[in-house]
Amino acid sequence: MKKILIVEDESEVIQMLSSTLKQEKFEIIEAKNGAEGLEIALSSKPDLILLDIEMPVMDGISMLKELKKDNTVKNIPVIVLTNYSDAKNIAEAMENGASGYLIKVELKNGDLVKNIKNTLSK
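Below is a short write-up of the structure. Not measured: the values here are computed from a predicted model.

### Focus: the overall build of the chain
Here comes step 1: Of regular secondary structure, the chain possesses 5 helices and 5 strands.
Here comes step 2: Its helices and strands taken in sequence order, the chain reads β-α-β-α-β-α-β-α-β-α from the N to the C terminus.
Here comes step 3: A globule of 122 residues ought to have a C-alpha radius of gyration of about 14 Å, and the chain, at 13 Å, matches this closely.
Here comes step 4: With respect to the principal axes defined by its C-alpha atoms, the chain has extents near 30 × 30 × 30 Å.

Right, dumping it as structure tokens:
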């Protein structure tokens, strides 16, 4: 069973993502901010990380940068999941090693699952 870490500060979003992904037989781990997410990623080595950008304590881009510095987790694919659709945020996420970028308000459950499965199969 593939393990996915969801790093998101909005509990409704975590519940929706978690529910969808558990139906697809993924094991889910949750973190409420980038600092907690980084700690969990380092200790549990998930197969994929879904990462929000705008969060308290440590934002998603900062977490992404820290992940990519650590040899034990730097190859874990990270899909950035956010409400920002502007080119600057997309470019910053991709430049810092994100594998993909999904916009929450445009996201359909089928798209999420397809993106995750495609990313994991690479």
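Still more ground to cover, so stick around.
### Some points on the sheet that holds strand S2 (residues 27-31)
Here comes step 1: With parallel pairing, the 5 strands of this open sheet are ordered in space as S2-S1-S3-S4-S5. With one partner strand each, in any of the chains shown, S2 and strand S5 (100-103) form the two edges of the open sheet. Along the sheet, successive strands turn relative to each other by an average axial angle of 20°, direction set aside.
Here comes step 2: Bridging between strand S4 (residues 78-82) and S5 involves 4 bridges; their strand directions are parallel. The residue of S5 that forms the bridge with leucine 81 is leucine 102.
Here comes step 3: Running over the sheet, helix H2 (residues 34-44) touches strand S1 (3-7), S2 and strand S3 (48-51) and is turned about 140° from S2.
Here comes step 4: On the sheet, helix H3 (residues 60-69) packs against S1, S3 and S4 and is oriented at approximately 155° with respect to S3.

About the criteria used
- Residues numbered from 1 in each chain as written.
- Predicted model: local features only at pLDDT ≥ 70, side-chain atom pairs only at ≥ 80, totals over all residues.
- Heavy atoms only, no water.
- Helix = DSSP H or I, 4+ residues; strand = E, 2+ residues; numbered from the N terminus.
- Rg over C-alpha atoms; globule rule 2.2 N^0.38 Å.
- Pairing = 2+ DSSP bridges.
- Axes fitted to C-alpha atoms, helices over the stretch in contact; angles between N-to-C directions.
- Contact = heavy atoms within 4.5 Å.

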